[in-house]
Amino acid sequence: MNTLKCAACREQNNKFRQKGTLKKNLESFSVRNTDVRNVRILLAGQIGAGKSSFINSVNSAFQGEIINEALAGSTFGAGFSLTKYLTMYEIRNERGEVLPFVISDMMGLEPEKLSGSQVDDIISTILGHVMEDYKFKESKAITSEDEYYNKNPSVSDQTFCLVYIIAAESVNLIQRPLFEKLKMIHQIISEKGLPQVIVMTKVDEACPLVKNDLKKIYTSKKIKKLMEKCSIEVGVPMTNIFPVKNYHDEIDTNDEIDVLILKAVDQIVRSAKVKVAKGALK
Ligand SMILES: Nc1nc2c(ncn2[C@@H]2O[C@H](COP(=O)(O)OP(=O)(O)OP(=O)(O)O)[C@@H](O)[C@H]2O)c(=O)[nH]1
Ligand SMILES: [Mg+2]
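Enquirer: Which parts of the structure should I look at to understand the coordination of the magnesium ion (ligand 2)?
Expert: Four donors placed tetrahedrally around a metal ideally meet at 109.5 degrees, and six donors placed octahedrally ideally meet at 90 or 180 degrees. The coordination sphere of the magnesium ion (ligand 2), as far as protein atoms go, consists of Ser52 (OG) and Thr83 (OG1), spread over 2.0 to 2.1 Å. Of this pair, Ser52 sits in helix α3 (residues 51-63) while Thr83 sits in the loop between α3 and β2 (87-92), and the two are 31 residues apart along the sequence.

Take a look at the structure:
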């Protein structure tokens, strides 16, 4: 029993020792398609799920200090998204060099309404039709008449990996219309062969064991169950679901949070790379 326990602990610790390798691999990532300047990654998910915080966490993990570039904060219960504009964030390493991937932040999905407009906006953004700084409207999707509508997007304007941001503590509370929206997006996007990853945030709020010791994330039954539910509800396989804790109230970075964030980015970038090699979305 003791040996088993130790073996599990060793495995757990090994997983958290990969930071250097993960960072090195990601920093040496290059785009092998001359038509693509940067690999665009789009974040979508419920209002307040931690999309903007994830972008800040990625930059913090790379730069070794807390970065608060994307506006993140609490609008809990207010029913509106703090992020209103399509904003693209560069990711920089510790030396300030820009890495060849860009993460786009957008307005959060409203959980109750099953209006198609937000789904349409996500699809238009993926296809590269929505220009940066477009202000999303809650009840109306962008049309080809809008000044921020790009009628002829280049390959570089397209998204190469869609990341669903889902807060762990909300998985069992998510109302049906939101899962329906995510499933709808998943179906449309799968037909285009676009890779999709789920980043499950706020693991600290979902499991007290994990809150006390983030290393328990890989053995927490609660977290595993929540990941399984996400997989079934959205249609993304378990291998593409990454539990993370974002930097949200920390003053310094730490290896445990960094490793979880970098693991998620590693999978996102590796899936995107395959799509980049294939070229334009149909
Ligand atoms: N405990 C905890 N809180 C988090 C985590 N990630 C984000 N938060 C908090 O959740 C709240 C919402 O985070 P945001 O990053 O603004 O969420 P968002 O998805 O960008 O929200 P909108 O732009 O309003 O749609 C903030 O108060 C964050 O501090 C996490 O992993 N753990
Ligand atoms: Mg936001």
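Enquirer: Looking at this structure, I do not really get the packing of aromatic side chains. What am I missing?
Expert: A ring pair, where both rings are aromatic, is described by two values, the distance of the centres and the angle of the planes. A full pass over the atoms with the stated rule returns four aromatic pairs. An angle of 55° between the planes, with centres 6.3 Å apart, marks the rings of Phe62 and Phe101 as tilted. Taken as a pair, Phe62 in helix α3 and Phe101 in strand β3 (residues 98-105) lie far apart in primary sequence, 39 residues in all. Residue classification places Phe101 among the buried residues on the basis of a relative accessible area of 0%. Ring centres 6.2 Å apart and planes at 55° place the aromatic pair Tyr134 and Tyr148 in the tilted group. Taken as a pair, Tyr134 in the loop between α4 (116-126) and β4 (159-167) and Tyr148 in the loop between α4 and β4 lie far apart in primary sequence, 14 residues in all. Taken together, the ring pairs in this structure connect Phe29, Phe62 and Phe101 into an aromatic cluster.

Enquirer: Help me understand the site of ligand 1, please; the structure alone is not making it clear to me.
Expert: Within the structure, ligand 1 sits among 22 residues, and Lys51, Ser53, Ser81, Leu82 and Asp204 are positioned closest to it. Residue Ser53 places a side-chain N or O atom 2.6 Å away from an oxygen atom belonging to ligand 1. Contributing elements (two or more residues each) for the shell around ligand 1: α3 and α6 (203-206). When residues of the shell around ligand 1 are assigned to their parent elements, the largest contribution, three residues, is made by α3. Classifying every residue of the shell around ligand 1 by side-chain character gives four nonpolar, 13 polar and five charged.

Enquirer: I tried to follow the nonpolar core on my own but got confused; where do I start?
Expert: For soluble globular proteins, nonpolar side chains are generally found buried alongside one another. Grouped together as the largest cluster of nonpolar side chains are 87 residues, with contacts concentrated most on Phe54, Phe101 and Leu162. Ranked by residue count, the leading element in this core is helix α9 (residues 255-278), at 11 residues. Residues contacting Phe54, with those up to four places away along its chain left out, are Leu43, Ile165, Val199, Asn246, Ile261, Ala264, Val265 and Ile268.

Enquirer: Would you take a moment to explain the pairing of β4 for this structure?
Expert: If a strand is regular, its side chains alternate between the two faces of the sheet. Most of β4 sits out of view: nine of its nine residues are buried. Handedness of the crossover is the feature at issue here: the chain leaves β4, passes through helix α5 (residues 176-191), returns alongside strand β5 (residues 196-201), and the resulting connection is right-handed.

Enquirer: What am I meant to see in the pattern of salt bridges here?
Expert: Close approach of charged atoms allows side chains of opposite charge to pair. Here the structure, examined in full by the defined rule, presents 13 salt bridges. For Glu90, the salt bridge identified is with Arg92, shortest N-O distance 3.1 Å. By relative accessible area, which is 39% here, Glu90 ends up partly exposed. Note that Asp146 is salt-bridged to Lys137, the shortest N-O span being 3.7 Å. Connected via shared salt-bridge partners are Lys19, Asp255 and Asp258.

Enquirer: Any chance you could explain the sheet that holds strand β6 (residues 241-243) here in plain terms?
Expert: To summarise the sheet geometry, strands pair through backbone hydrogen bonds and adopt either a parallel or an antiparallel arrangement. One open sheet accounts for six strands, arranged β2-β3-β1-β4-β5-β6; its pairing is mixed. Single-partner strands in this sheet number two, and they are β2 and β6. The sheet shows a mean angle of 25° between the axes of neighbouring strands, taken without regard to direction. Here six bridges tie strand β1 (residues 39-45) to β4, and the two strands are oriented parallel to one another. Opposite Gly45, over in β4, you have Ile165 as the bridge partner.

Enquirer: So what exactly am I meant to see when it comes to the environment of Ser81 here?
Expert: Secondary-structure assignment places Ser81 in the loop between α3 and β2. Given a relative accessible area of 4%, Ser81 falls into the buried group. It is 6.9 Å that separates the C-alpha atoms of Ser81 and Gly48, two residues lying 33 residues apart in sequence. Contacts of Ser81, omitting those with residues within four sequence positions, involve Ile47, Met107 and Gly108. Of note is the side chain of Ser81, whose polar atom sits 2.9 Å from the backbone nitrogen of Gly108.

Procedures and definitions
- Residues numbered from 1 in each chain as written.
- Chains lettered and ligands numbered in written order.
- Predicted model: local features only at pLDDT ≥ 70, side-chain atom pairs only at ≥ 80, totals over all residues.
- Heavy atoms only, no water.
- Donors = N, O, S within 2.8 Å, 3.2 Å for Na, K, Ca; no water.
- Helix = DSSP H or I, 4+ residues; strand = E, 2+ residues; numbered from the N terminus.
- Phe/Tyr/Trp six-rings, centres within 6.5 Å; stacked < 30°, edge-to-face > 60°.
- Buried < 20%, exposed > 50% of the residue type's maximum accessible area, 1.4 Å probe, protein only.
- Near = heavy atom within 4 Å.
- Polar contact = N/O pair within 3.5 Å; in protein donor to acceptor, adjacent residues only side chain to side chain.
- Nonpolar A, V, L, I, M, F, W, Y, C, P; charged D, E, K, R; others polar.
- Core = buried A, V, L, I, M, F, W, Y, C linked by side-chain atoms within 4.5 Å.
- Contact = heavy atoms within 4.5 Å.
- Right-handed = clockwise from strand over helix to strand, strands pointing away.
- Salt bridge = Lys/Arg side-chain N within 4 Å of Asp/Glu carboxyl O.
- Pairing = 2+ DSSP bridges.
- Axes fitted to C-alpha atoms, helices over the stretch in contact; angles between N-to-C directions.

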